[in-house]
Amino acid sequence: MRYRIIRRGVLSIAALAALSAVAACGFSGDGEAHRHSVAPSDGQTGRAEGPHRTDPRTATALRAVEQATGRAGSARIESTTAMGGMLSLKTEGALGWSGDSVGTLSITYTGGRLAETMRTLNSTSMEARLLPDAYYAKVGAAFARHLRGRHWIQYAYDDLTALPGGSGAYLSDQLRSTAPLQPVRLLLASGNVHRVGEETVRGRRTTHYSGTVTTAALTGRGAAGLKAQLEQAGVTTETVDIWVDDHDLLVKKAERGELTTGRMSSTAYYREYGVKVTVAKPPAADTADFKELMNTQGS
C-alpha cells in the first residue's frame, strides 16, 4: 500500500512539474530546435512552404524577439494553465536560461484529475526548484511521512529520460527548457502568423502577433523536433499569441488548442528580465531520490 502511494505521488508530481514548465515556457522542442532558430523553409523571404505565408517583416520581427529574449537570460513569470480535464494550475516564479537552466516556481493546483490525486495526498500546492542536473519538488507534511520524513524529491533528468514509453524523455526535455522561446519558434515554423497591432498589457506598450499552428504542417529547420514534442504532448492544432515590448522582449504569451485528451489553454506574463535567479539544492538529508523511490518495494 505504501509503495503504491509513493509511486502514484512521485509520478503525479513529475507530470505537474512538466505541465508547469509548459505553462511558463511553451511546449519545448528537442535539442536541435533549442540550438537553432526555426528558419523558414526557403531560408530567404520568411515564407514557409505550402499555402500559408508570413510576410518578411513579421518573420524578421519574430527572429528579433527570439534573439532578444534569449540574450536577456532570465525573467519573472506568472501563468495559468488548463489541460482538458487533466489539470489546471497557477504558477509563479523566476526562471534563468543564461547558461544552465535554473528556476524557482510556486505551483498551485486549481482543478482536474491530477489535482484531485494530489489532494488525496493532502497537497494543493508545491514549491519547485530547477537545477542543471535535476528538478526538486517539495511535498507536504502528509506525503513526507511516506518518505521517512523527507520533504523534497529529486528528479534527475537522466533518470526521467530512462522511463519507458518515451514519456520520461518528454518530461525531462520540458524541465530542462526554461527560456520562453518556444511560442516564437512555433509561430516562425507555422508560416501562418500576422501582426495584429499595438496593445497595452499591464501598462506596457506592446505589439501583438498571432498565428495558427498545425503540428503536421510545421516547416523549416528544427521543425522535426517541434513536431515530435507536440505529438508527444497530444497537440494537434493551437493558436499562439505573443505580445512584445519595444525591446523585443516577450510581455505575454497565450496558447489555446486541441489535445487528444481535450482543450488546452495557457497564458503567461513575463517581467523583470535579467533578474538574478539563485537556486539552492535542498539539503541531502531532507531529499528523497525519484529513482530509488520507484525501485522501492514496500508493503
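Residues numbered from 1 in each chain as written. Predicted model: local features only at pLDDT ≥ 70, side-chain atom pairs only at ≥ 80, totals over all residues. Heavy atoms only, no water.

**Description of the overall build of the protein**
Next, step 1: Looking only at helices and strands, one finds 10 helices and 12 strands in the protein.
Next, step 2: Here the protein holds 299 residues, and 54% of them are scored as buried.
Next, step 3: Long-range contacts, defined here as pairs at least 24 residues apart, represent 63% of the contacts in the protein between residues at least 6 apart.
Next, step 4: About 12900 Å² of surface is accessible on the protein, with carbon and sulfur atoms providing 48% of the total. (Helix = DSSP H or I, 4+ residues; strand = E, 2+ residues; numbered from the N terminus. Buried < 20%, exposed > 50% of the residue type's maximum accessible area, 1.4 Å probe, protein only. Contact = heavy atoms within 4.5 Å. Areas by Shrake-Rupley, 256 points an atom, 1.4 Å probe, with all protein chains shown as cover.)

**A closer look at the pattern of salt bridges**
Next, step 1: Here the structure, examined in full by the defined rule, presents 11 salt bridges.
Next, step 2: A salt bridge links Arg195 to Glu198; the nearest nitrogen and oxygen atoms lie 3.8 Å apart.
Next, step 3: Take Arg195: its relative accessible area is 44%, and that puts it in the partly exposed class.
Next, step 4: Take Glu198: its relative accessible area is 58%, and that puts it in the exposed class.
Next, step 5: Here the salt bridges share partners, and the residues they tie into one network are Arg76, Arg271 and Glu272. (Salt bridge = Lys/Arg side-chain N within 4 Å of Asp/Glu carboxyl O.)

**Things to note about the side chain of Ser88**
Next, step 1: In this structure, Ser88 sits in strand β2 (residues 87-96).
Next, step 2: On the accessibility criterion, Ser88 (17% relative accessible area) is buried.
Next, step 3: Other than its neighbours up to four places away in sequence, Ser88 contacts Thr81, Ala82, Thr108, Tyr109, Thr110 and Gly111.

**Quick notes on the pairing of strand β6 (residues 152-156)**
Strand residues, when the strand is regular, have side chains that alternate between the two faces of the sheet.
Next, step 1: Across the five residues of β6, four count as buried, placing the element largely inside the fold.
Next, step 2: Note that strand β5 (residues 134-138) and β6 share five bridges and pair antiparallel. Across the sheet, Tyr135 pairs through a bridge with Tyr155, a residue of β6.
Next, step 3: As paired strands, β6 and strand β12 (residues 287-289) are joined by three bridges and run parallel to one another. (Pairing = 2+ DSSP bridges.)

**Re the packing of helix α3 (residues 56-72) against helix α8 (residues 182-190)**
Next, step 1: Look at α3 against α8: their axes get within 9 Å of each other, and the N-to-C directions meet at 155°. Compared by their axis directions, α3 and α8 come out roughly antiparallel. In the packing of α3 onto α8, the handedness of the crossing is left-handed. Contact with α3, carried on its side by Ala59, Leu62, Arg63, Val65 and Glu66, involves Val184, Arg185, Leu187 and Leu188 of α8 and no other residues of that element.
Next, step 2: Looking at side-chain class alone, the contact of α3 with α8 contains six nonpolar, no polar and three charged residues. (Axes fitted to C-alpha atoms, helices over the stretch in contact; angles between N-to-C directions. Parallel < 35°, antiparallel > 145°, perpendicular 65-115°, else oblique. Left-handed = near helix turned anticlockwise from the far one by under 90°. Nonpolar A, V, L, I, M, F, W, Y, C, P; charged D, E, K, R; others polar.)

**Things to note about unusual backbone geometry**
One can expect most non-glycine residues to show negative phi and most peptide bonds to be in trans.
Next, step 1: Unlike most non-glycine residues, Arg148 shows phi in positive territory, near 55°.
Next, step 2: Note that Arg148 resides in the loop between α5 (141-144) and β6.
Next, step 3: We classify Arg148 as exposed; its relative accessible area is 65%.
Next, step 4: Backbone geometry places Arg202, a non-glycine residue, at a positive phi of 50°.
Next, step 5: Examined against the element boundaries, Arg202 turns out to sit in the loop between β7 (193-201) and β8 (204-214).

**Focus on the environment of Ser125**
Next, step 1: Mapped onto the secondary structure, Ser125 falls in strand β4 (residues 125-130).
Next, step 2: Sequence-wise, Ser125 and Thr91 are 34 residues apart; in three dimensions their C-alpha atoms are separated by 9.7 Å.
Next, step 3: Excluding residues that lie within four positions of it along the chain, Ser125 makes contacts with Ile107, Thr108 and Tyr109.

**Some remarks on the nonpolar core**
Next, step 1: Judged by nonpolar contacts, the single largest core of 55 residues is most densely connected at Val10, Ile13, Tyr135, Ile153, Tyr155 and Ile242.
Next, step 2: Counting residues in each nonpolar core, the second largest holds nine residues, with Leu131, Trp152, Val275 and Val279 among its members. (Core = buried A, V, L, I, M, F, W, Y, C linked by side-chain atoms within 4.5 Å.)

**Some thoughts on the confidence of the model for the protein**
Next, step 1: Residues with a pLDDT of 70 or more make up 71% of the protein, whose mean pLDDT is 80.
Next, step 2: Least confident of the elements in the protein is helix α2 (residues 31-35), whose mean pLDDT is 39; most confident is β7, at 96.
Next, step 3: Every residue in residues 29-51 is under pLDDT 50, and counting partners more than four places away or in other chains gives 53 contacts. (pLDDT = per-residue confidence, 0-100.)

**Digging into α3**
Next, step 1: For α3, built from 17 residues, the straight-helix expectation of 24 Å at 1.5 Å per residue is met to within 8% by its first-to-last C-alpha distance of 24 Å.
Next, step 2: Taken together, the buried positions of α3 are occupied by Thr58, Ala59, Leu62, Val65, Glu66, Ala68 and Thr69. (Expected span 1.5 Å × (residues − 1).)

**Let's talk about the environment of Ser266**
Next, step 1: In this fold, Ser266 is placed in strand β11 (residues 262-271).
Next, step 2: The spatial distance from the C-alpha of Ser266 to the C-alpha of Ala82 is 6.4 Å, given a sequence separation of 184 residues.
Next, step 3: Side-chain polar atoms of Ser266 contact the side chain of Lys253, separated by 3.1 Å. (Polar contact = N/O pair within 3.5 Å; in protein donor to acceptor, adjacent residues only side chain to side chain.)

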